[in-house]
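Next come the chains, spelled out residue by residue.
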Amino acid sequence: MTAIPCFEVEGRHYEVGVAIGRRFGAEIGAAFAAYTFLHDRVLPYHHTPEGQAHYAQLLQINRERYPEYIHELEGMAYGAEIPFEHLFLANLRGEYAAYLEQDAAAPAPDAGAGCSDCAVLTPQAALIGHNEDGGALWQEGMYVVHVRIAGDPRDRGNLPGFTALSYPGFLCGNALGCNRAGICFSVDSLEPQPVGIGLARHLIARSLLDATSQDDALRRVTVSGRASGFGYTIGSIHERRIVYVEAAPGRAAVREVHGSYFHTNHYRELADIRQNVGASSRARLERALEIIAATPPNSASDVLAILGDRANQQYPIYRTATGENPTTTLCTALFDLDACKLCLYPHGELAKAGTISNI
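Residues numbered from 1 in each chain as written. Predicted model: local features only at pLDDT ≥ 70, side-chain atom pairs only at ≥ 80, totals over all residues. Heavy atoms only, no water.

Asker: I'd love a proper account of the overall build of the chain, names of residues and values included.
Answerer: Of regular secondary structure, the chain possesses eleven helices and 14 strands. Rg of the C-alpha trace for the chain: 19 Å, near the compact-globule value of 21 Å for 359 residues, within the 12% margin. Each principal axis of the C-alpha distribution contributes one length, and for the chain these read about 55 × 45 × 40 Å. Counting 29 positive and 40 negative side-chain charges, the chain places the averaged centre of each group 3 Å from the other. (Helix = DSSP H or I, 4+ residues; strand = E, 2+ residues; numbered from the N terminus. Rg over C-alpha atoms; globule rule 2.2 N^0.38 Å. Lys, Arg positive; Asp, Glu negative; His and termini not counted. Charge placed at Lys NZ, Arg CZ, Asp CG, Glu CD.)

Structure representation (structure tokens):
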């Protein structure tokens, strides 16, 4: 991943999906052809009576609440020539991982294998840093989209344009993004138990790109009827405010960031919740808290130094895929709220700044 391709598109939701699917059809096709979790685990379960029932319920619930985002997925499927049900199932990968564990007694995937976030809010700096960690499968396929949703009778209000880092075949929002209303955010995977049938976390995250204020963003990520959970670090440029939100089925916690806050892939604010907690998630958090205790971060370089740390050789904050662990830091992002900028650093290039968007 020596460069992250960018694509600018304007249109209605379905048209945006079609354009993204056509532009990145090769990347989507290659990633989905190699996506063994989908083919070996999810699709066999999907074709069982129980899997069919889950799919029908999930599609109905999410289409009723987020019809415009389902239209985006339908357009992407058409543009990339990939079956819609494959895209929809992949966009519910977190929910389906839990269903497989709960209903089929299948072993859980590597718990806590996801991302790391470091937020700083002081008189000198307002920053959100994020390591986007994922399977090496996705390393060559990610892209950045700059989107403007055109007027459509189905739209709910006047939507701001947005920029998002996206996985091939996935809705914008499940990694990080920002919009012209001054809202910026990054997402951490969490694994609450049990997971129900309800609103999918990727569609909820997509809705953040349409937020018009910090309070609106909070309403969106704490919407009732959630099937699963995510951790969201959300910043508002106009309010110079950063919050961290932990969402779980039926519960949520909101923490205002003052000073600094670091998060990995297990619940900290809702610590009593049943969850899968991986050794990597614990180790990354412990190492970051050790660094922060010694030298509280107060600048972009401080945040990037934490996110680039490899002191723990077995479970480093900044990760490189190995034969035993295919998870890698796909890229690192830094939102500078005061400068109104988002910079992305592809894997191995933390020393090189690349401004992707003026927020």
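Asker: Help me get a handle on the sheet that holds strand β8 (residues 230-236), residues and values and all.
Answerer: Spatially, β1-β4-β5-β6-β7-β8-β9-β10 is the arrangement adopted by the eight strands of the open sheet, whose pairing is mixed. Looking at strand neighbours, the two that pair on one side only are β1 (6-11) and β10 (251-256), the edges of this open sheet. When strand polarity is set aside, the average angle formed by the axes of neighbouring strands in this sheet is 20°. Judged from the six bridges that link them, β1 and strand β4 (residues 143-149) form a sheet pairing that is parallel. If you follow E8 over to β4, its bridge partner there is H146. (Pairing = 2+ DSSP bridges. Axes fitted to C-alpha atoms, helices over the stretch in contact; angles between N-to-C directions.)

Asker: Would you mind going over the pattern of salt bridges in detail, with residue names and values included?
Answerer: Inspection of the entire model under this criterion finds 14 salt bridges. Its salt-bridge partner being R255, residue E269 comes within 3.5 Å of it at the nearest N-O pair. One end of the pair, E269, is in the loop between β11 (259-263) and α10 (279-294); the other, R255, is in strand β10, with 14 residues separating them in the sequence. For E269, a relative accessible area of 30% gives the class partly exposed. Each of D215, E239, R241 and E256 takes part in salt bridges that share partners, so that together they form one network. (Salt bridge = Lys/Arg side-chain N within 4 Å of Asp/Glu carboxyl O. Buried < 20%, exposed > 50% of the residue type's maximum accessible area, 1.4 Å probe, protein only.)

Asker: Help me get a handle on α10, residues and values and all.
Answerer: With 16 residues, α10 ought to run about 22 Å at 1.5 Å a step, and its terminal C-alpha atoms sit 23 Å apart, in line with that. Where α10 is concerned, the buried positions are S280, S281, A283, R284, L285, A288, I291 and I292. Check the buried side of α10 and you find it contacts β2 (116-121), β3 (126-135), β11 and α11 (300-307). (Expected span 1.5 Å × (residues − 1). Contact = heavy atoms within 4.5 Å.)

Asker: Any chance you could break down the nonpolar core for me, citing the residues and the numbers?
Answerer: Core analysis: the largest hydrophobic core is formed by 101 residues, its most contacted members being I20, F88, Y96, V145, L165, Y232 and I234. Counting residues in hydrophobic clusters, the runner-up holds 17 residues, among them C118, I292, V303 and I306. (Core = buried A, V, L, I, M, F, W, Y, C linked by side-chain atoms within 4.5 Å.)

Asker: Lay out the packing of aromatic side chains with the relevant residues and their values.
Answerer: Aromatic ring pairs are reported here in terms of the distance separating the ring centres and the angle at which the planes meet. Summed over the entire model, instances satisfying the criterion amount to 16 aromatic pairs. On the numbers, 5.9 Å between centres and 25° between planes, the contact of F84 with F88 is stacked. Taken together, the positions of F84 and F88, both in helix α6 (residues 84-91) and four residues apart, correspond to about one turn of that helix. Plain terms: the ring middles of W138 and F170 are 5.4 Å apart, the flat faces sit at 85° to each other, and that makes the pair edge-to-face. Here W138, found in the loop between β3 and β4, pairs with F170, found in the loop between β5 (162-166) and β6 (176-179); they are 32 residues apart in sequence, far enough to count as distant. Through successive ring pairs, a cluster of aromatic residues spans F32, Y35, F37, W138, Y167 and F170. (Phe/Tyr/Trp six-rings, centres within 6.5 Å; stacked < 30°, edge-to-face > 60°.)

Asker: Residues and numbers for the pairing of strand β9 (residues 241-248), please.
Answerer: Burial analysis of β9 places eight of its eight residues in the buried class, which makes it a mostly covered element. Residues of β9 alternate between two faces, with R241, V243, V245 and A247 on one and I242, Y244, E246 and A248 on the opposite face, all of them buried. Here β8 pairs with β9 via six bridges, running antiparallel. Paired with G231 across the strands is E246, a residue of β9. Connecting β8 to the next strand, β9, in antiparallel fashion are four residues, including R240 with a positive phi near 45°. Judged from the six bridges that link them, β9 and β10 form a sheet pairing that is antiparallel. In the strand pairing of β10, V245 is matched with V254.

Asker: I'd love a proper account of empty space enclosed by the protein, names of residues and values included.
Answerer: Considering all chains together, one arrives at two cavities of 30 Å³ or more under this definition. Its boundaries defined by the atoms lining it, the second largest cavity holds a volume of some 30 Å³. In this structure, the second largest cavity is lined by R201, I204, R226, S228, G229, F230, Y232 and A247. Of all elements in the fold, only α8 (201-208) and β8 reach the threshold of two or more residues within the lining of the second largest cavity. (1 Å grid on protein atoms, 1.4 Å probe; cavity = no way out; pocket = protein on both sides within 12 Å on 5 of 7 lines; lining within 4 Å. Points joined across faces, edges and corners; volume = space filled by probe spheres on them.)

Asker: So, the environment of A175: which residues are in play, and what are the values?
Answerer: Turning to its location among the elements, A175 is positioned in the loop between β5 and β6. It is 17 Å that separates the C-alpha atoms of A175 and F88, two residues lying 87 residues apart in sequence. Residues in contact with A175, not counting those within four places in the same chain, are H130, E132, L165, Y167, S186 and V187.

Asker: Describe unusual backbone geometry, listing the residues and the values that go with them.
Answerer: In this chain, Q193 is followed by P194 through a cis amide linkage whose omega measures -10°. Mapped onto the secondary structure, P194 falls in the loop between β7 (183-189) and α8. You will see that R240, though not glycine, has its phi angle at about 45°, which is positive. As for its placement among the helices and strands, R240 is situated in the loop between β8 and β9. Positive phi, normally seen in glycine, also occurs at C340, with a value near 60°. Assignment of secondary structure puts C340 in the loop between β12 (327-336) and β13 (341-346).

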